[in-house]
Amino acid sequence: MNSKNIISSVGAIVLYFLIQILVLKNLVLFGMAFCFLYILYLLLLPIEIKTIPLMLIAFVLGFSIDIFYDSMGLHTASAVVLAFLRKPWLQVITPTGGYDSNTPPSLLNMGIGWFLMYSLPLILIHHLTFFFIDNIATSLYIPMIYRTLSSTAFTFIIGVIVQVLFYKKRRGI
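Computed from a predicted model, the values in this text were never measured in an experiment.

**A word on the overall build of the protein chain**
Part 1: Looking only at helices and strands, the protein chain features seven helices and two strands.
Part 2: In the protein chain, the order of α-helices and β-strands from amino to carboxyl end is α-β-β-α-α-α-α-α-α.
Part 3: Since a compact globule built from 173 residues should have a radius of gyration of about 16 Å, the 16 Å found for the protein chain is in line with a globular shape.
Part 4: Each principal axis of the C-alpha atoms in the protein chain carries an extent, and together these give about 50 × 30 × 30 Å.
Part 5: Within the protein chain, the fraction of its 173 residues that count as buried is 42%.
Part 6: Put simply, 74% of the contacts in the protein chain that link residues at least 6 apart link residues at least 24 apart.

What follows is the structure, given as C-alpha coordinates:
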(Lines give C-alpha, C1' and ligand atoms only; values in the text may rest on other atoms or scores of the structure.)
Protein backbone atom coordinates (compact mmCIF):
# COMPACT_ATOMS: atom_id res chain seq x y z
CA MET A 1 0.00 0.00 0.00
CA ASN A 2 1.50 3.33 -1.02
CA SER A 3 1.16 6.61 0.83
CA LYS A 4 -1.67 7.85 -1.42
CA ASN A 5 -3.76 4.78 -0.58
CA ILE A 6 -3.05 5.15 3.14
CA ILE A 7 -4.08 8.81 3.13
CA SER A 8 -7.27 8.08 1.20
CA SER A 9 -8.06 5.16 3.53
CA VAL A 10 -7.62 7.32 6.65
CA GLY A 11 -9.75 10.03 5.04
CA ALA A 12 -12.45 7.47 4.22
CA ILE A 13 -12.58 6.06 7.75
CA VAL A 14 -12.89 9.58 9.19
CA LEU A 15 -15.64 10.42 6.68
CA TYR A 16 -17.63 7.24 7.41
CA PHE A 17 -17.23 7.87 11.15
CA LEU A 18 -18.44 11.48 10.90
CA ILE A 19 -21.40 10.57 8.69
CA GLN A 20 -22.38 7.80 11.10
CA ILE A 21 -22.27 9.90 14.25
CA LEU A 22 -23.52 13.22 12.84
CA VAL A 23 -26.15 12.14 10.31
CA LEU A 24 -27.14 8.50 10.72
CA LYS A 25 -27.20 8.31 14.51
CA ASN A 26 -30.72 9.70 14.69
CA LEU A 27 -31.98 8.29 11.40
CA VAL A 28 -34.35 5.41 12.14
CA LEU A 29 -37.06 4.32 9.71
CA PHE A 30 -40.40 3.41 11.31
CA GLY A 31 -38.67 2.83 14.65
CA MET A 32 -37.16 -0.41 13.30
CA ALA A 33 -34.56 0.16 10.57
CA PHE A 34 -31.18 1.56 11.61
CA CYS A 35 -28.45 2.42 9.13
CA PHE A 36 -24.94 1.40 10.15
CA LEU A 37 -23.10 2.69 7.08
CA TYR A 38 -19.70 2.55 8.77
CA ILE A 39 -19.52 -1.19 8.10
CA LEU A 40 -19.35 -0.39 4.39
CA TYR A 41 -15.84 0.89 5.05
CA LEU A 42 -14.86 -2.54 6.40
CA LEU A 43 -16.50 -4.31 3.48
CA LEU A 44 -14.78 -2.16 0.85
CA LEU A 45 -11.23 -2.56 2.11
CA PRO A 46 -8.98 -4.45 -0.34
CA ILE A 47 -9.36 -8.22 -0.44
CA GLU A 48 -5.67 -8.78 0.38
CA ILE A 49 -5.89 -7.24 3.84
CA LYS A 50 -5.18 -9.79 6.54
CA THR A 51 -7.70 -10.72 9.21
CA ILE A 52 -5.83 -9.39 12.26
CA PRO A 53 -5.23 -5.86 10.88
CA LEU A 54 -8.83 -5.80 9.69
CA MET A 55 -10.04 -6.81 13.15
CA LEU A 56 -7.92 -4.04 14.70
CA ILE A 57 -9.39 -1.49 12.29
CA ALA A 58 -12.88 -2.81 13.07
CA PHE A 59 -12.17 -2.60 16.79
CA VAL A 60 -11.01 1.03 16.61
CA LEU A 61 -13.90 2.03 14.35
CA GLY A 62 -16.50 0.20 16.43
CA PHE A 63 -15.11 1.55 19.70
CA SER A 64 -15.15 5.09 18.32
CA ILE A 65 -18.78 4.67 17.27
CA ASP A 66 -19.62 3.18 20.69
CA ILE A 67 -18.23 6.25 22.43
CA PHE A 68 -20.65 8.53 20.62
CA TYR A 69 -23.61 6.14 20.66
CA ASP A 70 -23.05 5.29 24.35
CA SER A 71 -23.70 1.65 23.47
CA MET A 72 -21.12 -0.10 25.67
CA GLY A 73 -19.34 -2.23 23.08
CA LEU A 74 -22.20 -3.29 20.79
CA HIS A 75 -20.67 -1.72 17.69
CA THR A 76 -17.21 -2.93 18.63
CA ALA A 77 -18.28 -6.55 19.06
CA SER A 78 -20.38 -6.70 15.92
CA ALA A 79 -17.74 -4.94 13.78
CA VAL A 80 -15.03 -7.33 15.00
CA VAL A 81 -17.28 -10.32 14.22
CA LEU A 82 -17.79 -8.95 10.70
CA ALA A 83 -14.04 -8.45 10.27
CA PHE A 84 -13.34 -11.97 11.54
CA LEU A 85 -15.79 -13.58 9.11
CA ARG A 86 -14.94 -11.46 6.06
CA LYS A 87 -11.85 -13.40 4.88
CA PRO A 88 -13.42 -16.89 5.16
CA TRP A 89 -16.52 -15.63 3.37
CA LEU A 90 -14.37 -14.15 0.59
CA GLN A 91 -12.68 -17.54 0.20
CA VAL A 92 -16.07 -19.26 -0.08
CA ILE A 93 -17.27 -16.97 -2.87
CA THR A 94 -13.98 -16.70 -4.78
CA PRO A 95 -14.59 -16.70 -8.55
CA THR A 96 -12.86 -19.26 -10.73
CA GLY A 97 -10.11 -16.91 -11.88
CA GLY A 98 -9.55 -15.49 -8.42
CA TYR A 99 -9.51 -11.82 -7.53
CA ASP A 100 -7.49 -9.02 -9.10
CA SER A 101 -4.76 -7.84 -6.79
CA ASN A 102 -5.39 -4.71 -4.72
CA THR A 103 -8.92 -4.23 -6.06
CA PRO A 104 -11.57 -3.16 -3.59
CA PRO A 105 -14.59 -5.50 -3.55
CA SER A 106 -17.06 -2.80 -4.53
CA LEU A 107 -20.29 -2.92 -6.48
CA LEU A 108 -18.75 -1.22 -9.50
CA ASN A 109 -15.68 -3.47 -9.60
CA MET A 110 -17.36 -6.82 -9.01
CA GLY A 111 -20.94 -6.41 -10.23
CA ILE A 112 -24.27 -6.41 -8.45
CA GLY A 113 -24.67 -10.19 -8.21
CA TRP A 114 -21.30 -10.78 -6.62
CA PHE A 115 -21.61 -7.75 -4.33
CA LEU A 116 -25.05 -8.90 -3.19
CA MET A 117 -23.69 -12.36 -2.36
CA TYR A 118 -20.67 -10.84 -0.63
CA SER A 119 -22.12 -8.03 1.42
CA LEU A 120 -25.65 -9.07 2.34
CA PRO A 121 -24.68 -12.10 4.51
CA LEU A 122 -21.94 -10.10 6.25
CA ILE A 123 -24.27 -7.16 6.91
CA LEU A 124 -26.89 -9.60 8.20
CA ILE A 125 -24.39 -11.25 10.57
CA HIS A 126 -23.22 -7.83 11.81
CA HIS A 127 -26.77 -6.69 12.49
CA LEU A 128 -27.81 -10.02 14.01
CA THR A 129 -24.84 -9.86 16.38
CA PHE A 130 -25.59 -6.23 17.25
CA PHE A 131 -29.29 -6.72 17.98
CA PHE A 132 -28.80 -10.10 19.69
CA ILE A 133 -26.31 -8.61 22.15
CA ASP A 134 -28.61 -5.62 22.61
CA ASN A 135 -31.60 -7.86 23.44
CA ILE A 136 -29.80 -10.62 25.34
CA ALA A 137 -31.54 -9.90 28.66
CA THR A 138 -35.03 -9.73 27.19
CA SER A 139 -37.19 -12.29 25.46
CA LEU A 140 -38.22 -9.96 22.64
CA TYR A 141 -36.82 -12.03 19.79
CA ILE A 142 -39.48 -11.33 17.16
CA PRO A 143 -38.89 -7.53 17.26
CA MET A 144 -35.15 -8.29 17.18
CA ILE A 145 -35.59 -10.26 13.95
CA TYR A 146 -37.68 -7.45 12.44
CA ARG A 147 -35.04 -4.88 13.40
CA THR A 148 -32.25 -7.08 12.05
CA LEU A 149 -33.90 -7.70 8.68
CA SER A 150 -35.10 -4.13 8.17
CA SER A 151 -31.75 -2.66 9.23
CA THR A 152 -29.90 -5.06 6.94
CA ALA A 153 -32.03 -4.00 3.98
CA PHE A 154 -31.72 -0.31 4.88
CA THR A 155 -27.93 -0.46 5.32
CA PHE A 156 -27.50 -2.44 2.08
CA ILE A 157 -29.65 -0.02 0.05
CA ILE A 158 -27.88 3.06 1.44
CA GLY A 159 -24.51 1.35 0.83
CA VAL A 160 -25.40 0.68 -2.81
CA ILE A 161 -26.58 4.28 -3.27
CA VAL A 162 -23.35 5.62 -1.74
CA GLN A 163 -21.24 3.43 -4.02
CA VAL A 164 -23.13 4.39 -7.15
CA LEU A 165 -23.00 8.11 -6.36
CA PHE A 166 -19.54 8.55 -4.86
CA TYR A 167 -17.29 5.67 -5.88
CA LYS A 168 -15.61 5.09 -9.20
CA LYS A 169 -14.52 1.87 -10.79
CA ARG A 170 -10.86 1.20 -10.14
CA ARG A 171 -8.64 -1.72 -10.78
CA GLY A 172 -5.66 -3.03 -8.92
CA ILE A 173 -2.13 -1.79 -9.40
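This is not the end of the story, as more comes after the structure.
**Brief notes about the side chain of Ser9**
Part 1: Considering the arrangement of structural elements, one finds Ser9 in helix α1 (residues 3-22).
Part 2: For Ser9, the side chain forms a polar contact with the side chain of Tyr41, separated by 2.7 Å.
Part 3: Apart from residues lying up to four places away in sequence, Ser9 is in contact with Tyr41 and Leu45.

**Notes on the nonpolar core**
Part 1: If you look at the biggest cluster of nonpolar residues, it comprises 44 residues, and the most contacted ones within it are Leu42, Phe115 and Tyr118.
Part 2: Looking at this core, the elements with two or more residues in it are α1, α2 (38-43), α3 (51-69), α4 (74-92), α6 (112-134) and α7 (141-166).
Part 3: Top contributing element to this core by residue count: α6, with seven residues.
Part 4: Contact partners of Phe115, with chain neighbours within four places excluded, come to Leu40, Leu44, Pro105, Ser106, Leu107, Leu120, Phe156, Val160 and Gln163.

**Points about the environment of Ala77**
Part 1: Looking at where Ala77 falls in the secondary structure, it is placed in helix α4.
Part 2: Taking the C-alpha atoms as reference points, Ala77 and Ala58, 19 residues apart in sequence, are found 8.9 Å from one another.

Cut-offs applied
Residues numbered from 1 in each chain as written. Predicted model: local features only at pLDDT ≥ 70, side-chain atom pairs only at ≥ 80, totals over all residues. Heavy atoms only, no water. Helix = DSSP H or I, 4+ residues; strand = E, 2+ residues; numbered from the N terminus. Rg over C-alpha atoms; globule rule 2.2 N^0.38 Å. Buried < 20%, exposed > 50% of the residue type's maximum accessible area, 1.4 Å probe, protein only. Contact = heavy atoms within 4.5 Å. Polar contact = N/O pair within 3.5 Å; in protein donor to acceptor, adjacent residues only side chain to side chain. Core = buried A, V, L, I, M, F, W, Y, C linked by side-chain atoms within 4.5 Å.

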